[in-house]
Amino acid sequence: MEVVLAASPVGVQFMEHWHLPAFAADTEGHLVWANAAFAQAFEDDLTHLLGSDLRAWVSAWQGPTAWQTLSQSGAASQACGLVCFARPQRQPLWMEVSCWRVVPDALGPIMFVASDMTAQRGAQERLSESNDRLRIALEGGNDGLWDWLDTHSQDMWWSPEFVGLLGYEAGEIEPSLVSFDSLLHPDDQEATFTALAQALEGGAEYRVEFRLLTKAGGYRWFRSRAKVLRDEHGEHRRMAGSLQDIDDLKRSQERLDLALEGGSQALWDWLDTHSQTMWWSPQFYRMLGYSPGEISADLAVFDTLVHEDDQASYFEALGGALDDAPHLNVECRLKTKSGAYRWFKLLGKVFRDGSALHSRIAGSMHDIDDSKRIQADIRRRQEELGAIAAISPDGFLSFDEDYRLRFSSDAVGRLTGLDVQAAMGQTLQAVLQTLSQLSTQADLRLDEATLHEGSVQTGVTASPGRTVEFSWHQAVTAAGGASEGSDTEGTHLLRVRDVTVELEAEQIKADFLTAAAHELRTPLASVYGYTELLLNYDMPPERQKKMLATIYRQCEVLMTIVNELLDMARIDARGGQAFDLEPVDLHLLVSEVISEYPVPPTDWRPSWRRGRGRGWPSPTRPR
């Protein structure tokens with residue numbers, strides 16, 4: 001310390017009160033003097049700092065030869081540069097150091113003057129780290145940077161990543177506004193430069209998408225965002241931003257738009273459920289008959305499009321989604337540009353914040369108008385078929401493609417005694433087995449194979465004396481009656497008919513034809529016989545008259561029989577209705593028959609006697 005004071009007493013006295021840290025070290029590197037600013041910088045007391053080995057402080061950070069470098073700088077009386085003093089268990093201090101020998105051209109203490117650069121050094125390190133992160137992000141991503149240093153000139157700066165996105169190497173293309181214009185797709189020039197002018201003059205946000213020509217000769221889609229810097233007068237002077245390759249995203253979006261446009265669904269997004277603003281995809285507008293952007297994508301606007309009859313259900317579903325439901329699912333009619341209403345289905349997912357409060361809803365809109373119209377037509381047809389099935393005397397059971405009962409008309413239970421509600425959903429085999437048990441035929445086994453061969457007729461225990469017929473039909477839609485599901489479509493049909501009266505009519509017809517054949521033969525024989533006698537023999541006029549009278553009466557009988565045969569054509573037309581049977585006077589009938597067949601005068605005469613049985617007469621020859 002004495003050497004330092006002796007060499008420069010005035011200088012030491014001056015540096016004692018200097019605001020910059022100053023200190024001196026001997027040839028061994030030990031601290032021999034320091035001012036108050038040095039102690040303040042190191043946050044320690046001078047009495048504690050004096051005698052410390054500065055070599056250890058410097059070497060701990062910068063290596064074993066760091067102090068030797070400082071000593072050589074002191075000998076040359078020059079600036080040492082940035083030096084780090086790293087004390088044990090203390091934060092390192094970065095100082096810009098200048099040094100010189102206290103006694104020029106002689107070995108001895110070295111005087112140091114330092115400026116604390118720790119804050120600046122930290123800022124530089126943070127900036128360097130930030131730059132590294134930015135460089136890594138740019139290299140690993142698909143973004144480039146650009147800087148229009150002077151917006152009143154054509155010169156620009158493009159980062160290596162910027163030119164790399166275009167397929168060029170650094171220096172292969174001049175970064176200027178003219179170059180940018182030459183690369184811009186002709187269809188995008190007007191929109192791009194309009195957005196640029198609005199950002200420069202009007203302060204609008206610069207965010208635009210355009211296509212740029214690459215080195216390979218093709219165009220790719222890019223998105224650019226930038227900020228305009230202005231002077232104290234508000235005039236633009238600089239503009240800087242980024243360039244992002246969105247070609248893959250744009251192509252995917254185009255494919256999605258084409259798929260949506262070719263389909264019947266669109267996308268929508270209520271970005272902030274606490275505002276009215278929404279986003280609608282282009283197809284959303286087109287499905288309503290509008291051009292994209294022709295009406296505001298706004299919740300209030302959308303609410304006005306909802307049909308008044310559907311508003312209650314629409315607002316109920318929307319309110320439920322906002323309250324606690326995870327999804328939105330509602331069908332409603334929306335008014336199109338033409339004024340007509342169409343049916344749509346809205347599907348959406350509800351997004352919530354950390355407090356479970358709704359924040360966003362996004363989803364899709366599906367055009368279901370054709371489906372709704374088809375459903376309405378099906379319901380109308382079902383009602384019509386249901387009315388027909390209700391008044392039809394026949395019963396119908398419909399089975400789906402899995403051969404399970406999906407529909408049964410009410411007449412089935414009435415005709416067969418089957419519990420149709422209990423049978424609903426059962427297989428065809430189970431239903432046929434139950435119907436077999438309800439038959440009066442103990443050995444009847446109804447199955448699909450038997451029904452495929454033809455219809456089956458049987459009596460039923462629920463209605464003694466009734467005969468029903470089962471017949472099998474394919475590819476039939478059944479409606480009207482008990483069914484499982486409102487729109488169930490069957491593929492197989494079992495028909496049940498009451499054929500009791502029909503069978504009775506068939507039997508009556510058969511009996512009548514047998515009797516008619518017999519009755520025709522009898523008068524024809526008389527007509528034929530008398531006609532032959534009149535043709536071949538001479539008869540007295542009186543006898544001829546009697547024969548002709550007999551022929552005339554037999555012809556009347558024939559006419560009556562023929563008329564009755566014609567009535568047989570009306571038997572089927574009566575729809576199986578029962579015949580009205582009337583009593584006949586047997587005495588009158590027998591008298592008419594006897595009058596038609598007089599007893600021959602010379603031939604055998606019949607005699608009558610009571611027989612052993614029921615007392616019917618039996619003819620015998622006279623002795």
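The structure displayed is predicted, hence computed values, not measured ones. (Residues numbered from 1 in each chain as written. Predicted model: local features only at pLDDT ≥ 70, side-chain atom pairs only at ≥ 80, totals over all residues. Heavy atoms only, no water.)

1. Overview of the nonpolar core
- In this structure, Trp268, Trp280 and Leu334 are the most contacted members of the largest nonpolar core, which totals 29 residues.
- Secondary structure elements with two or more residues in this core: strand S11 (265-270), helix H12 (282-287), helix H13 (299-305), helix H14 (311-323), strand S13 (327-335), strand S14 (341-352) and strand S15 (358-367).
- Ranked by size, the runner-up nonpolar core spans 27 residues in total, among them Met156, Trp158, Leu177 and Ala226. (Core = buried A, V, L, I, M, F, W, Y, C linked by side-chain atoms within 4.5 Å. Buried < 20%, exposed > 50% of the residue type's maximum accessible area, 1.4 Å probe, protein only. Helix = DSSP H or I, 4+ residues; strand = E, 2+ residues; numbered from the N terminus.)

2. Here's the deal with helix H18 (residues 428-437)
- Every buried residue of H18 is listed here: Leu428, Val431, Leu432, Leu435 and Ser436. On an axial view of H18, the arc spanned by its buried residues comes to 140°, and they lie on one face. H18 presents Gln429 and Gln437 as exposed residues on the side facing more than 90 degrees away from its buried surface. (Arc of directions from axis to C-beta.)

3. Some points on the environment of Leu212
- In this fold, Leu212 is placed in strand S8 (residues 206-213).
- Given the relative accessible area of 0%, Leu212 is considered buried.
- Linking Leu212 and Leu183, residues 29 residues apart in sequence, is a C-alpha distance of 5.2 Å.

4. Things to note about a nonpolar patch on the surface
- Residues Val584, Leu586, Leu589, Val590, Val593 and Ile594 make up a contiguous nonpolar surface patch of roughly 570 Å² in combined accessible area.
- Among the structural elements, Val590 can be located in helix H23 (residues 586-596).
- Judged by relative accessible area, which is 40%, Val590 ranks as partly exposed. (Patch = residues over 30% accessible without salt bridge, like charges linked within 9 Å, V, L, I, M, F, W, Y side chains within 5 Å. Areas by Shrake-Rupley, 256 points an atom, 1.4 Å probe, with all protein chains shown as cover. Salt bridge = Lys/Arg side-chain N within 4 Å of Asp/Glu carboxyl O.)

5. A few points about the pairing of S14
- The pairing of S13 with S14 spans 9 bridges and is antiparallel. Paired with Lys335 across the strands is Tyr341, a residue of S14.
- A loop of 5 residues connects S13 with S14, the two strands running antiparallel in sequence, and Gly339 in this loop sits at a positive phi of about 95°.
- As paired elements, S14 and S15 share 9 bridges and run antiparallel to each other. Paired with Phe351 across the strands is Arg360, a residue of S15. (Pairing = 2+ DSSP bridges.)

6. Some remarks on the sheet that holds S11
- Spatially, the 5 strands line up as an open sheet ordered S12-S11-S15-S14-S13, and their pairing is antiparallel. In this open sheet, the two strands that pair with only one neighbour each are strand S12 (279-280) and S13.
- Here S11 runs beside S15; their pairing, made up of 6 bridges, is antiparallel. Considered in S15, the bridge of Trp270 is made with Ile361.
- In this fold H14 packs onto S11, S13, S14 and S15, with an angle of close to 155° to the strand it touches most, S13.
- Strand contacts of helix H15 (residues 369-391): S13, S14 and S15, with the helix running at about 120° to S14, the strand carrying the most contacts. (Contact = heavy atoms within 4.5 Å. Axes fitted to C-alpha atoms, helices over the stretch in contact; angles between N-to-C directions.)

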